[in-house]
Amino acid sequence: MKVGILTSGGDCAGLNAVMRAIALNLYTTEKNVEVIGFRNGYAGLIRGDAVPMRRADFEGLLRAGGTVLGTTRTPFKLMSVPEADGTTRLAKMVASYKKFGLDCLFTLGGAGTHRTAALLCAEGCNVIGLPKTIDNDIYGTDVTFGFHTAVDVAADALERVRTTSESHGRTMLVEIMGNKAGWLTLYAGIAGGADVILLPEIPFSIDKVCAAVQAAYASGKRCAIVAVGEGAVLDSEAPFKRRERVFIRAERGETTVTRHLAEVIGQRTGAETRATVLGYIQRGGEPSAYDRVLCTRLGSYAAQLCRRGMFGVTVAVSGGKITFNALPDIAGKYKFVDPNGEIVRAAEETGISFGR
Ligand code: F6P
């Protein structure tokens, strides 16, 4: 059996652990196994840039951060557009798949990666996807690998921010990754004890946020912590399309709402206010113990599917069980926070404001 692996899109903790689980499962259960890794995601498949990987190459990867194969973002919309040589990237990938004589290609990635994986399936390639992203926004799975590690990092950062904010009696805005979906901000905000949580799914009113900040001080707290999702939206911005919002913010020299909000909160409440952007530390470093277990389960299950000849699917978690979805059923779809769902309500009913 000859299989290929690639990691595509923004990285996260656990990519190496998943590759390790796939490979070790196959090496343990099959007699003749050959594994190759494509460098830098679909770019490696397009160029036919692959490296043979032995069993020993996967040992020691359980806790390693990043991806040993490298990754790139290769926009889905460009896959079927002819390049200068007249062929498409899709055609080049199919040619590589055939040239290397693969029985299966494992694609570790997010929503965009799955869309391209579905294209490859439609062209007759045997593909199995694995759900990666700190954003936890892949449709059809309760959880993605890398998410809980990022939650741990962001919640820990909120706790650190709290102690310095208490010392100074400050309001602190902490921007957390997640452009489209607010899962990471929601979980980290709850786990990190934020007073206000702002998500892309729940447009917020500045008046309500300021009132919540003032209420935090009035209740005797020495600081107020606002967890701001990267994609959080002001209620006045909500009627605009994403692209239009980007334009409006660019006029203020911003890509997110965080600094503008910090300024307004400072002016209106009179409390010293600062903003901090957590950024890529949420994606780096070793996977948490939870993610190491999840990665092992997902990777091992993906290898089982491969041995059973189940292709054109992506591995998923549903109700605590590892399962799979057909790639065409989930490709291009996202999973968003339900503004009236149980988690948001639980948080709101313990006094956390969502600015609405
Ligand atoms: O998709 C994961 C993610 O980390 C988002 O939360 C964030 O908006 C984006 O990637 C950043 O992407 P890049 O690595 O291209 O800067």
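Whatever comes next refers back to the structure up there.
*Asks:* Got a minute to help me understand the sheet that holds strand S11 (residues 321-326) in this structure?
*Replies:* Strand-to-strand pairing in sheets goes through backbone hydrogen bonds, with the strands running parallel or antiparallel. The sheet built from 7 strands is open, its strands ordered S3-S2-S1-S4-S5-S10-S11 with mixed pairing. Whereas interior strands pair on both sides, the edge strands pair on one side only; in this sheet they are strand S3 (50-53) and S11. Going from strand to strand, the sheet's axes swing by 30° on average, the running direction of each strand aside. Where strand S4 (residues 104-109) lies against strand S5 (residues 127-131), 5 bridges are found, and the strand directions are parallel. In the strand pairing of S5, Leu108 is matched with Leu130. In the packing of helix H1 (residues 15-29) onto the sheet, contacts are made with strand S1 (2-7), strand S2 (34-38), S3, S4 and S5, and the angle to S4 comes to roughly 160°.

*Asks:* Mind showing me how you'd approach the nonpolar core here?
*Replies:* Phe58, Phe106, Leu108, Leu130 and Phe145 are the most contacted members of the largest nonpolar core, which totals 67 residues. Among the elements that make up this core, the one with the highest residue count is H1 (9 residues). One finds Phe38, Leu45, Leu90 and Tyr97 within the second-largest nonpolar core, a separate group that totals 22 residues.

*Asks:* Teacher, can you tell me more about the site of the ligand here?
*Replies:* Lining the immediate environment of the ligand, one finds Arg73, Ile134, Asp135, Met177, Gly178, Asn179, Glu230, Tyr280 and Arg283. Asp135 places a polar side-chain atom, nitrogen or oxygen, 2.7 Å from an oxygen atom of the ligand. Contact between the ligand and Arg283: an oxygen atom at 2.9 Å from a side-chain N or O atom of the residue. Coverage of the ligand by the protein chains reaches 74% of its 400 Å² of free accessible surface. In terms of residue class, the shell around the ligand is built from 3 nonpolar, 2 polar and 4 charged. Residue assignment places the shell around the ligand across two domains, with domain 1 (2-145 + 287-330) and domain 2 (148-283) each supplying three or more.

The rules behind the values
Residues numbered from 1 in each chain as written. Predicted model: local features only at pLDDT ≥ 70, side-chain atom pairs only at ≥ 80, totals over all residues. Heavy atoms only, no water. Pairing = 2+ DSSP bridges. Helix = DSSP H or I, 4+ residues; strand = E, 2+ residues; numbered from the N terminus. Axes fitted to C-alpha atoms, helices over the stretch in contact; angles between N-to-C directions. Contact = heavy atoms within 4.5 Å. Core = buried A, V, L, I, M, F, W, Y, C linked by side-chain atoms within 4.5 Å. Buried < 20%, exposed > 50% of the residue type's maximum accessible area, 1.4 Å probe, protein only. Near = heavy atom within 4 Å. Polar contact = N/O pair within 3.5 Å; in protein donor to acceptor, adjacent residues only side chain to side chain. Areas by Shrake-Rupley, 256 points an atom, 1.4 Å probe, with all protein chains shown as cover. Nonpolar A, V, L, I, M, F, W, Y, C, P; charged D, E, K, R; others polar. Domains from an automatic or database assignment.

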